[in-house]
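As a plain string of letters, each chain reads:
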Amino acid sequence: MDAKKQKRRDRIQNLAITLLSVTALLLFSRTELFSLGMRAFGGYMDQLVAYTAPSSNAASPLASAAAPVRVAVTGEYGRYGNITLTTDNTEDFSSLRSLLREVLGSARNFVACTSGDFLSSLDSVGVYYDFLTPLPLSILSELMGASGGEEEILARYLVVVPYGQDAVRLYLWDGEVQYSVCSTAVTVSSLTEVISHYELGNAFFAFESSLPHSDDVAPCSLLPNTLPELPTLTATSALPEEDTLLSALGLNPRNNSRYTESGGTEVIVEGENSLRIYTDGFISYDSTMPELTISAAGAEPTLSEAASGAAALLQTLVGESSGTELYVQEIRQSAGETTIVFGYQVGGVPIVFSDGRPAAEVVLTGSTISSLSLRFRQYAPGTERSLLLPLTQALAVASMNPGKELSIAYVDSAGASVSASWISS
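All values reported here derive from a predicted model rather than from experimental measurement.

A separate point is the pattern of salt bridges. All chains considered together, the criterion is met by 15 salt bridges. Across the pair aspartate 355 and arginine 357 runs a salt bridge, and its minimum N-O distance is 3.3 Å. Through salt bridges with shared partners, a single ionic network connects Arg70, Asp130, Arg156 and Glu405.

Let us look at the side chain of arginine 375. Position of arginine 375 relative to the elements: it lies in strand E19 (residues 368-375). Within the structure, the side chain of arginine 375 is placed 3.1 Å from the side chain of aspartate 355, a separation counted as a polar contact. Not counting the four nearest positions on each side in its chain, arginine 375 is found in contact with Gly281, Phe282, Tyr344, Phe353, Asp355, Arg357, Pro358 and Ala359.

This part takes up empty space enclosed by the protein. For the coordinates displayed, the defined rule picks out three cavities of 30 Å³ or more. Counted as a void, the largest cavity has a volume near 40 Å³. Surrounding the largest cavity, Leu62, Ala65, Ala67, Leu135, Ile139, Leu143, Tyr327 and Val328 form its lining. Within the residue set of the lining of the largest cavity, elements represented by two or more residues are helix H5 (137-143) and strand E15 (325-334). Classifying every residue of the lining of the largest cavity gives eight nonpolar, no polar and no charged.

On to a nonpolar patch on the surface, then. Taken together, Leu389, Val397 and Met400 make up a surface patch of nonpolar side chains, about 310 Å² in accessible area. Under the relative-accessibility criterion, valine 397 is labelled partly exposed at 44%.

By the secondary structure assignment, serine 371 is in strand E19. Note on serine 371: relative accessible area 17%, which makes it buried. Once residues lying within four places of it in the same chain are set aside, the contact partners of serine 371 are Tyr285, Asp286, Glu361, Val362 and Val363.

Right, let's get into the layout of surface pockets. Any empty space left between the atoms is revealed when a probe the size of a water molecule rolls over them. In this structure, the largest pocket encloses a volume near 670 Å³. Every residue lining the largest pocket is counted, 31 residues in all, and those nearest its centre are Leu132, Thr133, Arg156, Gln329 and Ser425. The set of elements that each furnish at least two residues to the lining of the largest pocket consists of strand E4 (126-136), strand E5 (154-163), E15, strand E16 (337-346) and strand E17 (349-353). Among the residues forming the lining of the largest pocket, the class breakdown is 17 nonpolar, seven polar and seven charged.

Let's shift gears to the packing of aromatic side chains. Taken as a whole, this structure holds 14 aromatic pairs when the rule is applied. When the centroid spacing of 6.0 Å and the interplanar angle of 55° are considered together, the rings of phenylalanine 118 and tyrosine 179 count as tilted. Residue phenylalanine 118 is located in helix H4 (residues 115-122), and its partner tyrosine 179 is located in strand E7 (residues 179-184); the two are separated by 61 residues in the primary sequence. For tyrosine 179, a relative accessible area of 13% puts it in the buried group.

Moving on, we get to the nonpolar core. Counting residues in each nonpolar core, the largest one holds 116 residues, and the members touching the most others are Tyr129 and Leu372. Here this core gets nine residues from one element, more than from any other, and that element is helix H8 (residues 303-318).

This brings us to the sheet that holds E4. Ordered by their spatial adjacency, seven strands build an open sheet running E2-E1-E4-E5-E6-E7-E3, and the pairing between neighbours is antiparallel. Single-partner strands in this sheet number two, and they are strand E2 (78-86) and strand E3 (108-112). Across this sheet, the average inter-strand angle for adjacent strands is 20°, counted without regard to direction. Inspection of the sheet shows strand E1 (residues 68-75) paired to E4 by five bridges, in the antiparallel sense. Note that in E4 the partner of valine 71 across the bridge is tyrosine 129.

So, about the pairing of E5. Each regular strand displays side chains that alternate between the two surfaces of the sheet. Among the 10 residues of E5, seven are classified as buried, and the element is accordingly described as predominantly covered. One ladder, built from six bridges, connects E4 with E5; its direction is antiparallel. Looking across to E5, one finds that aspartate 130 is bridged to tyrosine 157. As paired elements, E5 and strand E6 (residues 167-173) share seven bridges and run antiparallel to each other. Bridged to valine 160 within E6 is leucine 170. Linking E5 to E6, which pair antiparallel, is a turn of three residues; within it glycine 164 sits at a positive phi near 75°.

Here we take up unusual backbone geometry. Phi is positive for asparagine 109, which is not a glycine, with a value near 60°. Mapped onto the secondary structure, asparagine 109 falls in strand E3. You will see that histidine 213, though not glycine, has its phi angle at about 75°, which is positive.

Conventions adopted
Residues numbered from 1 in each chain as written. Predicted model: local features only at pLDDT ≥ 70, side-chain atom pairs only at ≥ 80, totals over all residues. Heavy atoms only, no water. Salt bridge = Lys/Arg side-chain N within 4 Å of Asp/Glu carboxyl O. Helix = DSSP H or I, 4+ residues; strand = E, 2+ residues; numbered from the N terminus. Polar contact = N/O pair within 3.5 Å; in protein donor to acceptor, adjacent residues only side chain to side chain. Contact = heavy atoms within 4.5 Å. 1 Å grid on protein atoms, 1.4 Å probe; cavity = no way out; pocket = protein on both sides within 12 Å on 5 of 7 lines; lining within 4 Å. Points joined across faces, edges and corners; volume = space filled by probe spheres on them. Nonpolar A, V, L, I, M, F, W, Y, C, P; charged D, E, K, R; others polar. Patch = residues over 30% accessible without salt bridge, like charges linked within 9 Å, V, L, I, M, F, W, Y side chains within 5 Å. Areas by Shrake-Rupley, 256 points an atom, 1.4 Å probe, with all protein chains shown as cover. Buried < 20%, exposed > 50% of the residue type's maximum accessible area, 1.4 Å probe, protein only. Phe/Tyr/Trp six-rings, centres within 6.5 Å; stacked < 30°, edge-to-face > 60°. Core = buried A, V, L, I, M, F, W, Y, C linked by side-chain atoms within 4.5 Å. Pairing = 2+ DSSP bridges. Axes fitted to C-alpha atoms, helices over the stretch in contact; angles between N-to-C directions.

Structure representation (structure tokens):
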């Protein structure tokens, strides 16, 4: 009996050792297959992590963004104006950027004012900023390299003017109906120092012009005495490599679930996610699964987190050396959903598309990217100069659409060449 029991124990022991060995081999094989699969998919899973937004303690992409901004600097004896600046222009915008950063950082207790109050501020010694579209003060602060700022207050136009002996006020207008004013901690001497760096006398506002039809355009239209020399642009709609595009969007580059529609649009489906690649360089991505996310401290991102995360992803898609500059045009948040709209600009001049669509739009549900659209366009300066109508003729044409702002933009009609033109918007 002892011998039989010993044999039985030996068989059980050998069987257990065999089972453990097989289990170990299976686990090892699974690990190796997973590793090989990751290499075969070009680091597919890594891509799902790599293209989330920077963490909250990292530098915001907005701080170094080249957003277009128009400025007017008014002194005792004239006005300097520039309609082709960007927020990252260290030569011509550096001191104005520093001034606005200090103003926004110390702006407190906004109260409502009238349109007359705002227009009167333009007659005063001071500095005027136009960011082309209304944005939350938190986004404007980040564009100036600072943090903070109220998310609830939108502003497109900002005017910094003296108030009393040594105080400085900030006037805001969202471009529609909301006017407000507040005090700041900036001193008049600091404001005067900034103004002293600019040569005055090269621009004026429409409301103070005696030119025919000046009264027919928006009073804040900033008009140059001498038209800027803007090159024509060459434009292409080149898409990145498809594997790169799919990986950046968290999709498997080896996915075979795809088809081509009759018009040439390629459709790629993966679970609850889909990507449409159009023949004109436009893409649209939709997802109901949390595959692609941005970093956020809470369940719902702040406007700054949303804009920074979306900007980081889009810049990854278009590439650092593409020659294109994306900037935030609009951001809105409601019921757990955040929408960020982006435009293109070249040399401080916005790109306007004739089909009316923006350059890009990202929609977040919480911190998950639920949809994204992006127009792949690359621009480079051409050899010819854009032919702009003389100002008097531009005013006459604009008078047929009274009350609109007269400005200069590049108008892209999806051709190979893009020229700057006067627009009324």
